[in-house]
Amino acid sequence: MEIWLDSAKIEEIEAAVRWGIITGVTTNPSLMMKAGTADLKTNTQRIINLVGGPVSAEVVSDDAAGMIAEAEKIVTWSSHVVIKVPITPQGLQAMKVISEWPAKVNATLIFSANQALLAARAGATYVSPFVGRLDDAGHDGMEVVREIATIFSIHDIETKIIAASIRHPRHVTEAALAGANIATIPYKVLQAMVRHPLTDVGLQRFKADWEQALNMSTK
Ligand code: G3P
């Protein structure tokens, strides 16, 4: 499973990219707002320069014609840009057109396996089930990821599953076990993933023991 960053904040992306494990980034209008910018083009291009891989930029129109017009501009920004389109009837129409250009589509706001199946049939390269928001609403978000993975496997559908709306490290483990191809992860969760109290304790002990070994060998 690939590790992507779910953020539009340049400083977070720079820091995460330094770890050498990030192969893509997803943004959305809320993340752009949190990053304090409405300049989608400049920010997306800066992110692409940092990550050198797929970066999702979301359309905001309600109708297919508007989404397609936005996508026409967005695809000119970079070969790495992925058009993020919401799963609505209008969104499906737009996905079908955009994915035939060719361009890559990330179908977003997926909350059921059927929505993922429809997006895949409309040509989406990626589907993004929102695990955390399903959990928040009292559902089992990861079960939707499992269902999508099973359906795509049975029917040889190549569309990739991005586990999105990740809230904690356990979500990442479960997404990998459920068959997600990618997890797009907030920076805070990524930081929590690398930490373990036993690692900290272990490091302290190794350091202390090495000091003792040095003292013993100089006697
Ligand atoms: O990639 C989608 C993700 O940003 C949604 O996450 O935390 O707003 O549910 P959240």
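This report concerns the structure included in the present document. Quantities reported herein were computed from a predicted structural model and do not represent experimental measurements.

1. Things to note about a nonpolar patch on the surface
Piece 1. A cluster of nonpolar side chains, contributed by Trp 19, Ile 21 and Val 194, occupies part of the molecular surface with about 280 Å² of accessible area.
Piece 2. Here Ile 21 shows up in the loop between helix H1 (10-18) and strand S2 (22-26).
Piece 3. Overall, Ile 21 belongs to the partly exposed group, its relative accessible area being 38%.

2. Notes on the site of the ligand
Piece 1. In the region of the ligand, the neighbouring residues are Asp 6, Asn 28, Leu 31, Lys 84, Phe 130, Arg 133, Ala 164, Ser 165 and Arg 167.
Piece 2. Between the ligand and the protein, one listed contact pairs an oxygen atom with a side-chain N or O atom of Arg 133 at 2.7 Å.
Piece 3. Between the ligand and the protein, one listed contact pairs an oxygen atom with a side-chain N or O atom of Ser 165 at 2.7 Å.
Piece 4. When the ligand sits alone it has 310 Å² of accessible area, and the protein chains cover 83% of it.
Piece 5. Looking at side-chain class alone, the shell around the ligand contains 3 nonpolar, 2 polar and 4 charged residues.

3. A word on the packing of aromatic side chains
Piece 1. Considering all chains together, one arrives at 2 aromatic pairs under this definition.
Piece 2. Centroid distance Phe 111 to Phe 130: 5.6 Å. Interplanar angle 65 degrees. Geometry classified as edge-to-face. Taken together, the residues Phe 111 in the loop between strand S5 (105-110) and helix H6 (113-121) and Phe 130 in the loop between strand S6 (126-129) and helix H7 (131-136) connect sequence positions 19 residues apart.
Piece 3. A relative accessible area of 6% means that Phe 130 is categorised as buried.

Quick notes on the rules
Residues numbered from 1 in each chain as written. Predicted model: local features only at pLDDT ≥ 70, side-chain atom pairs only at ≥ 80, totals over all residues. Heavy atoms only, no water. Patch = residues over 30% accessible without salt bridge, like charges linked within 9 Å, V, L, I, M, F, W, Y side chains within 5 Å. Areas by Shrake-Rupley, 256 points an atom, 1.4 Å probe, with all protein chains shown as cover. Salt bridge = Lys/Arg side-chain N within 4 Å of Asp/Glu carboxyl O. Helix = DSSP H or I, 4+ residues; strand = E, 2+ residues; numbered from the N terminus. Buried < 20%, exposed > 50% of the residue type's maximum accessible area, 1.4 Å probe, protein only. Near = heavy atom within 4 Å. Polar contact = N/O pair within 3.5 Å; in protein donor to acceptor, adjacent residues only side chain to side chain. Nonpolar A, V, L, I, M, F, W, Y, C, P; charged D, E, K, R; others polar. Phe/Tyr/Trp six-rings, centres within 6.5 Å; stacked < 30°, edge-to-face > 60°.

Everything listed here is a matter of geometry and, on its own, says nothing about what the molecule does.
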